[in-house]
Each structure stands twice: as C-alpha cells, then as structure tokens.
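Analysis of the macromolecular model
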Amino acid sequence: MHQVVAAGRRPLSALLLATVTACGSSHTPAPAPAPAPHATGTTGTAHRHTSQLPVFEAFERAVAQGTRTRTGMPGPKYWQQWADYRLEAELNPVSKRLTGKGKITYYNRSPDTLPVVYVQVLQNIFAPGARHNTNVPWSVEGIDLARVAAQGQDLARLEGDVPGYQVNGTVMRIRLPKPIVPGGSADFEFAWKLRVPPDGAPRGGQDGEVYYLSYWYPQMAVYDDINGWQTDQYFGTAEFYMGYGNYDVSLTVPAGWLVDATGTLQNRDEVLSPQTRSRLDSASHASGVVHVVTESDRAAGKSTTTGKDGKLTWHYKAQMVRDVSWATSAKYLWDATTAAVGDANGDGRPDTTAIYSFYRPEQRINHWDESARYSQYSIQFFSRYLWPYPYPHMTAVDGITSCGGMEFPMMTCIGGQWDTLGLYEVITHEIGHMWFPMQVGSDEKRYAWMDEGFTQFDQSQSMDEFFKGFDDEERNRRNYLDLAESGNEVEMMRHGDRYPNYPSYGVAAYYKPATILVALRGLLGRETFHKAFTEYGRRWQYKHPSPYDFFDTIENVSGQDLSWFWRTWFFETSRLDQAIDTVAVVGDSLEVVVENRGKAPMPVHLVVTRSDGRADSLNIPVDVWLEGARKTSIRVAREPTVKRVEIDPAKDFPDVDRSNQVWPR
Ligand SMILES: [Zn+2]
C-alpha cells in the first residue's frame, strides 16, 4: 500500500530534545556515575548497551527442527504448504454482485497431520457489525457462502468436533471429514456471492464504472513452520499473509468490457478482437507505448469479440503467486509496451515482460497517459536493482479512489489525484511490492516493515534514478524524525493492528524502516548492503521469511554482529543524537570530543575539512557506546588549519538534532 507523505511539516521544537533521558550522560549525572568529560572507553557495566535480541521462541524451535537456520538461509527441512486454485466468477454490473465457485486442492507438505484447516474470507470485513480499524463503507455485505465442501463432502455450519465449518469474522475454520496426513492433500469446493463494495472501501471495489475485484474468493490461510496456522483477523490496517499457489481463473463479464487479471490470458482469440490482438502483438516488440484500445474502440465487436448472450469469459492462469485479483470496465483504454527484465528464467538470454495500463480517458488529467511508461521504467529499474521480474505482465490499473495505491500480484489498484511526481511515486511503490511481499512472502500483518518498509526504501531508489537525484530518502527520514522527536513513536516489532493511531503505524511500517535501511547502508557500505539485501530476497523468494531470517542474512553476508543495531532500531524507540561536544587545541593536535546524547548507539562518521580543501573521513566504532561511554575523543593534526568538523555529512544516520553535529557551530 502507499503512504501519502505529509508535505511541508516542520520538525517539532528542539526544546523537546531537552527531555531526552540520556542514559549516563554527563548532563544527567545521577543516578550512576557519569563518565569523566573527555573519557573514552568503558565506564562500567551500568551503561553497557544490551545488544542481545529478544528470544523468539517459535523461531528457536524452528531452528532446532531444521526448518530455519542461524545463517538466514532456509533450513534443510524447510517446508511450505501449497494450493492449486480453479476459480470461476461472473460479475453482474447491474446488481454489482459477483457470483463465484471454486475448487482448491491443498497440499500438506508439513510434517503435521491437519484435522482442521483455516480459510480466509476477507470480504467479511464488510459484513454488518464486523470489527475494523479503517474506514469501511457501511451496510455492504460479507461473503454469502452457498456451498462449502471438503474431501467430497458438503459441510454445514457446525460447532464442535464434527466435520463442518464455522465462520468467525474473516476467518473460516473447517473441521475435516478426514485429517490431512503429511504429504497428503485435500480438495475443497466453495460457491459464494458477494456485493462489490462501493468506493470508500479499502483496497478494491467499484465506483459504478470500474470494478477492482480483490479478496473475492475463499483463500487458504497460511500454515507455517514457525507459528502453525496464522488466523489473525483482517481489520483493515494490517495487511496480509498469503501462501503460494497456482491459479486457473475464468471471469465472465459483459462483452465490450476489458479485463485484466493476475496471470496470463489463455483465450485471447475468443475474447479479443483481431485489431486488439494485432496491436498487442506489436506492443510485445515495442519499447514505446502502443494504444491497444482507444476511446473509439471501446465496444463489443471493436475491442473485444461480441461474445455469447452479450457476455465473454476471460480465462487466466497464474503460477507461483500468493493471490489473484482482477479489474474490469467498459470505460477502460488499454496502453501496452514491453519492459526488459534481464535474464528472468535463467537460460542466459534477456527476457521481457508485458507492461499494461488500463485507465479512463478522464484520468489523463492525472497523467495516466504516462502510466505505462512509468511502469516500464519501474519494472526495468527494480529488475536491475533487485533481480529480474519473473511474471508475464505488470499492469497499472486506474481503480477506485479509495484504493490510493494497492499492490496485487502483477497488478496495482491506483486511485486519486496525482501530479507526475505523485503518479510515478505511487506506481513505482506498488511495482516495488512485486518483490516484497509478492515474491518474498513475509507476514505483513505482524511485520509490516518487511514489505512496506523495504518497498518504501526501494521506491526512493527508483525515484532518485527516474527524477535524477530526487531525495525521497530525506522525506522518509523527515517523517520518521517528526514522530521520533514528538516522543510518540512506537516500535517496529509490533503487530500492524496494535498501533495506537495511524501515524505511529505509518512511521513504523514505512518511514522508519526505509530510513533504517539507509542507516544500514551507511553502516555496511553501499556494496555490502546491496549484496546482503538482495541476497535476503533471493534466499526467501516464494518463501515465508521471519524477521530473524532477515537479520541473520544481513549478518551472514556482511560478516558482522549487528544485534545491537536490530535491537536499537527494530525493537526499541531509542533516538540517535550524536554531537560534537568540544574542539580544543592540545599541543599540535586538535581534540574533538564527541558525545552520544541519545540512547541509540551508532558509529560516528566524522569528516574533518582543512584549509587546503582536504577532507578526511574518520570512523569511531560503535563499541565505544556499547561499552557504556557517553563521550569519546579523537585527535587530529592541527595543521593545515581545520575549517570544519562534521558528524555524518552524508546523512546516513537519522540524527534528531543536526545542529550540534558541526564545528564551528
Ligand atoms: Zn506499500
């Protein structure tokens, strides 16, 4: 999902900084003995930074069982569930209802026998009386289940230990006729109806013209090696945790309506007119944008075939995806081009992917005629920066306004008003999500930073390149620092539905983790950081990493113990405030005293600039602070004359007060 940056907000008063309780600072000598000014090194265990990470018992168990490791690699016994979906749906735009049926084959690759399975029915966030923590239009409807069957047996809504199903909010529990043994599988069948929610609904819906169908079918919940069944409710703020599978989807809409869905269209000769097909063919070799369906083409018999009884069924197949969404409208234009992704399939030859954009002509005012180009640029950028995009298409969809920006495999639902900067930002953000979480399938509900934070960081890299030096990292840092300075920050290692308010969630999910990746890059150096970050993605592609798998991979690749870093930035709300305390002449040297005024320990990147223009970079290792010192000093030659001493001029680290980082002040 996409966060709108609050423009022009100023940092809160520096007065607030006076209330920072600097542990052992020489300004607050009690209760423990303060380090003598200008002292270096340890001043006693009372101030030693606890760098041990909290024990995550379920993860420890997984390591003991061999499904995870301490190196950040999946363990030799790593396993993951799998499901094949065959879904059919028909949309009636008059009643605004979707009628669906589906068959799911669920494969139990775990070592456990499963007497019960859980299925997500996310549409129930719209059920009357449903609990939610985001705005949801009132009086919609949940999912209306006409049939639930398991292992060939129709099931009734039943409590207790007999075969049957129960629905609790957005989670369905099915007690099976026969337990699924390890290595076994089970078939499920569902039939359902739902009303497509109006604009105002989160992450999909209809505005009378366009329909963005999200979370429209019963989907297997995740059963993983760390926590077993993940049955957290969908309340609106915290996002999703989804398993991987293959999908075969047939979607029936009125003829003349264009459809785009996760996957590859299987029956284009049946649904697309010869003109549309030939334009698509030319787009598949084009680097420029081809207008596949224009205003005057929008009709049955022109953009699409005429169909049967005024309807057409679009058939898609998608592989290795964690969800399927689709969009349809009679109003859409269709732009197409191609993006170069590098060698995606490992055959040594460069590959391409189709880039599509579906939008209404009225959206040209919001620059949607640029959207295919922006998508092409974004896919090419991330394919270079991360790894090749593996899917057959990437589509930007003009959806309902309340989508804002929302990611689905191969698709995005984008709504609202945009200038060119904003439209590029939201498109590149949602396309960034095709890597995290679409390919790297973390639990977004419990660790929003693992997809939103990483994507926010990736967005900044893409904007820097597209807009030639645009500093999106500064915007992320400012948003984090504003909340950090106010004292209302909440730590990142917290379930997405358990933040006291939306700003604290937004910072913890987006801006702080994006800023902390910049700090990690500053700590490790660009090359090592990039190697470790992409290695994490590669190791966990199409898998379910936990936070510790990320931490361990970064340590494993960089060869550093970073427990103090994870603890400080991910588990705590400590702030960083490094300051130049004094600069004094000592013989033929200058003694620079650096003070750590915040609680967050970080190395000090000091740059000393001289009258001859020379700039020396000095590094004070973090160990000084970890061992308990509050101040440390470093001596540099007096000559040639020192003009300026500055801490972290590159702004790698998110310091709450930069005014005390420069000498002379
Ligand atoms: Zn996002």
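Residues numbered from 1 in each chain as written. Predicted model: local features only at pLDDT ≥ 70, side-chain atom pairs only at ≥ 80, totals over all residues. Heavy atoms only, no water.

Re the environment of Lys-643
Cut-off, in case you're wondering: A run of H or I in DSSP counts as a helix once it spans at least four residues, and a run of E counts as a strand once it spans at least two, with each numbered from the N terminus. Residue contacts follow a heavy-atom distance rule, with two residues in contact if any of their heavy atoms lie within 4.5 Å.
With respect to the element layout, Lys-643 can be found in strand β30 (residues 642-647). When the C-alpha atoms of Lys-643 and Asp-347 are compared, they prove to be 56 Å apart, with 296 residues separating the residues in sequence. Those residues in contact with Lys-643 that lie beyond four places of it in its chain are Thr-609, Arg-610, Ser-611, Trp-663 and Pro-664.

Section: the sheet that holds strand β15 (residues 258-261)
Under the convention used in this document: Note on pairing: DSSP must find at least two bridges between two strands before they are called paired.
Strand order in the open sheet formed by four strands is β9-β10-β19-β15, with antiparallel pairing between adjacent strands. The open sheet has two edge strands with one neighbour each: β9 (205-206) and β15. Two elements, strand β10 (residues 210-213) and strand β19 (residues 326-329), share four bridges in a ladder whose sense is antiparallel. Bridging from a neighbouring strand, Tyr-211 pairs with Thr-328 of β19.

A closer look at the coordination of the zinc ion
Rule in force here: Each metal site lists N, O and S donors within 2.8 Å (3.2 Å for Na, K and Ca). With water left out of the atoms, a site can look as if it is missing ligands. Donor angles set the geometry label: tetrahedral for four donors if every angle is between 85 and 135 degrees, square planar for four and octahedral for six if opposite donors exceed 155 degrees and the others are between 65 and 115, irregular for anything else.
Around the zinc ion, the protein supplies Met-1 (N), Met-1 (O), His-429 (NE2), His-433 (NE2), Glu-452 (OE) and Glu-452 (OE) as donor atoms, at distances of 1.8 to 2.8 Å. Around the zinc ion sit six donor atoms, and with donor-metal-donor angles ranging over 52 to 160 degrees the site reads as irregular. Within one chain, the residues donating to the zinc ion are spaced in sequence as M-x427-H-x3-H-x18-E. One end of the pair, Met-1, is in the segment before α1 (57-65); the other, His-429, is in helix α5 (residues 420-432), with 428 residues separating them in the sequence.

Let's talk about empty space enclosed by the protein
Using the following cut-off: A 1.4 Å probe that fits into a set of points on a 1 Å grid over the protein atoms alone but cannot get out defines a cavity; an open set with protein on both sides within 12 Å along at least five of seven lines defines a pocket, and lining residues are those with an atom within 4 Å of a point. Grid points are joined across faces, edges and corners, and a volume is the space filled by probe spheres set on the points. Polarity classes work like this: nonpolar for Ala, Val, Leu, Ile, Met, Phe, Trp, Tyr, Cys and Pro, charged for Asp, Glu, Lys and Arg, and polar for all others, with Gly in that last group.
Scanning the model with the defined rule gives five cavities of 30 Å³ or more in all. Residue lining of the largest cavity: 16 residues in total, with Gln-81, Met-220, Ala-221, Gly-243 and Tyr-244 positioned closest to the centre. Ranked by residue count, the leading element in the lining of the largest cavity is strand β1 (residues 82-92), at three residues. Partitioned by chemical class, the residues of the lining of the largest cavity number 10 nonpolar, six polar and no charged. Lining the second largest cavity we find 16 residues, and of these Gln-123, Phe-126, Pro-197, Ser-214 and Tyr-215 sit closest to its centre. Split into classes, the residues belonging to the lining of the second largest cavity amount to 12 nonpolar, four polar and no charged.

Re the layout of surface pockets
For the largest pocket, the calculated volume is near 440 Å³. In this structure, the largest pocket is lined by 27 residues; those nearest its centre are Met-1, Thr-134, Asn-135, Gly-236 and Tyr-502. Among the residues making up the lining of the largest pocket, the classes are represented as nine nonpolar, 16 polar and two charged. Of the volumes computed, that of the second largest pocket is approximately 300 Å³. Along the walls of the second largest pocket sit 17 residues, with Gln-461, Asp-464, Glu-473, Arg-521 and Arg-526 positioned nearest its centre. At the level of secondary structure, the elements contributing two or more residues to the lining of the second largest pocket comprise α6 (452-466), α7 (472-486), α8 (502-524) and α9 (526-539). The residue inventory of the lining of the second largest pocket, partitioned by class, reads five nonpolar, three polar and nine charged.

Some points on the sheet that holds strand β6 (residues 164-168)
Overall, antiparallel pairing links the four strands, which are arranged β6-β7-β3-β11 in an open sheet. This sheet does not close on itself; its edge strands, each paired only once, are β6 and β11 (219-220). Across five bridges, the pairing between β6 and strand β7 (residues 171-180) is antiparallel. Looking across to β7, one finds that Gly-164 is bridged to Arg-175.

Section: the pattern of salt bridges
How we decide: Salt bridge, as used here: a side-chain nitrogen of Lys or Arg that lies within 4 Å of a carboxyl oxygen of Asp or Glu. Each residue gets one of three labels from its accessible area relative to the maximum for its type: buried under 20%, exposed over 50%, partly exposed in between, using a 1.4 Å probe on protein chains only.
Across all of its chains, the model carries 43 salt bridges by this definition. For Arg-97, the salt bridge is made with Glu-141, and the minimal N-O distance between the two is 3.1 Å. Residue Arg-97 is located in strand β2 (residues 97-107), and its partner Glu-141 is located in the loop between β3 (114-120) and β4 (144-150); the two are separated by 44 residues in the primary sequence. For Arg-97, a relative accessible area of 28% puts it in the partly exposed group. Glu-141 sits in the partly exposed class, given a relative accessible area of 24%. We note a salt bridge from Asp-581 to Lys-631, for which the minimum N-O separation is 3.1 Å. Residue Asp-581 is found in strand β25 (residues 578-586), and its partner Lys-631 is found in strand β29 (residues 631-637); the two are separated by 50 residues along the sequence. Classification of Lys-631 as buried rests on a relative accessible area of 7%.

Brief notes about the side chain of Ser-375
Tracing the chain through its elements places Ser-375 in helix α4 (residues 371-385). Every residue in contact with Ser-375, bar those within four places of it in the chain, is listed here: Ile-355, Ala-396, Ile-427 and Ile-431.

Describing α8
For clarity, the cut-off: Multiplying 1.5 Å by the residue count of a helix minus one yields the expected span of that helix. The angle separating two fitted axes, one through the seven residues that finish at a residue and one through the seven that start at it, defines the bend at that residue.
Taking 1.5 Å per residue as the helical rise, α8 with its 23 residues ought to reach 33 Å, and the 32 Å between its terminal C-alpha atoms agrees with that figure. At Ala-508, α8 is bent by approximately 40 degrees, the largest bend along its length. Most of α8 is tucked away: 21 of the 23 residues are buried. Of the residues trailing α8, Gly-525 is marked for its positive phi of about 90 degrees.

Some thoughts on the packing of aromatic side chains
Heads up, the rule is: Only centres within 6.5 Å qualify two rings of Phe, Tyr or Trp (six-membered ring in Trp) as a pair; their planes then separate them into stacked at under 30 degrees, edge-to-face at over 60, and tilted for everything else.
Tallied over the full model, the rule gives 67 aromatic pairs. Pairing Tyr-374 with Phe-466 gives two aromatic rings, centres 5.5 Å apart and planes at 75 degrees, and the pair type is edge-to-face. Note that Tyr-374 is positioned in helix α4 and Phe-466 in helix α6, a separation of 92 residues in sequence. Residue Tyr-374 is classed as buried on the basis of its relative accessible area of 3%.

Let's talk about the nonpolar core
Put simply, the rule is: Nonpolar cores are built from buried Ala, Val, Leu, Ile, Met, Phe, Trp, Tyr and Cys residues. Side-chain atoms within 4.5 Å join them into one set.
Counting 203 residues, the largest nonpolar core has Ile-174, Phe-188, Trp-216, Trp-326, Phe-550, Phe-565 and Phe-570 as its most contacted members. Sort the elements by how many residues they give to this core and α8 lands first, with 14 residues. Apart from residues no more than four positions distant in its own chain, Phe-550 is found in contact with Trp-449, Phe-454, Leu-517, Phe-533, Tyr-536, Trp-566 and Phe-570.

With respect to the confidence of the model for the protein
For clarity, the threshold we go by: The predictor attaches a confidence to each residue, called pLDDT, with possible values from 0 through 100.
Confidence along the protein averages 92 in pLDDT terms, with 93% of residues attaining 70 or more. Per-residue pLDDT stays below 50 along residues 6-46; that stretch engages in 60 contacts with residues further than four places along the chain or on separate chains.

Some details on the packing of α4 against α5
What counts, and what does not: Simply put, an axis is a line fit to the C-alpha atoms, just over the touching stretch for a helix, and the angle between two N-to-C directions goes from 0 to 180 degrees. Note on terminology: angles under 35 degrees are roughly parallel, angles over 145 are roughly antiparallel, angles of 65 to 115 are roughly perpendicular, and the others are oblique. Whether a crossing is left-handed or right-handed is set by the direction in which the near helix is turned from the far one by less than a right angle, anticlockwise for left-handed and clockwise for right-handed.
Where α4 meets α5, the closest approach of the two axes is 9 Å, and the angle between their N-to-C directions is 45 degrees. In terms of axis orientation, α4 runs oblique to α5. The two elements α4 and α5 meet at a crossing, and its hand is right-handed. Where α4 abuts α5, its residues Ser-371, Tyr-374, Ser-375, Tyr-377, Ser-378, Ile-379 and Phe-382 lie against Thr-420, Leu-423, Tyr-424, Ile-427, Thr-428, Ile-431 and Gly-432. Looking at the contact of α4 with α5 residue by residue, the classes come out as eight nonpolar, six polar and no charged.

A word on the environment of Ser-402
Condition: Counting of polar contacts relies on pairs of N or O atoms within 3.5 Å, with two restrictions inside protein: one atom must be capable of donating a hydrogen and the other of accepting it, and residues adjacent in sequence are counted only when both atoms are side-chain atoms.
You can see Ser-402 is positioned in the loop between β22 (393-398) and β23 (405-408). Exposure remark for Ser-402: the relative accessible area of 23% places this residue in the partly exposed category. Spatially, the C-alpha atoms of Ser-402 and Gly-200 are 5.0 Å apart, while their sequence positions differ by 202 residues. Discounting residues that sit within four places of it in the chain, Ser-402 has contacts with Asp-199, Gly-200, Ala-201, Pro-202 and Arg-203. One polar contact links the side chain of Ser-402 to the main-chain carbonyl oxygen of Ala-201, over a distance of 2.6 Å.

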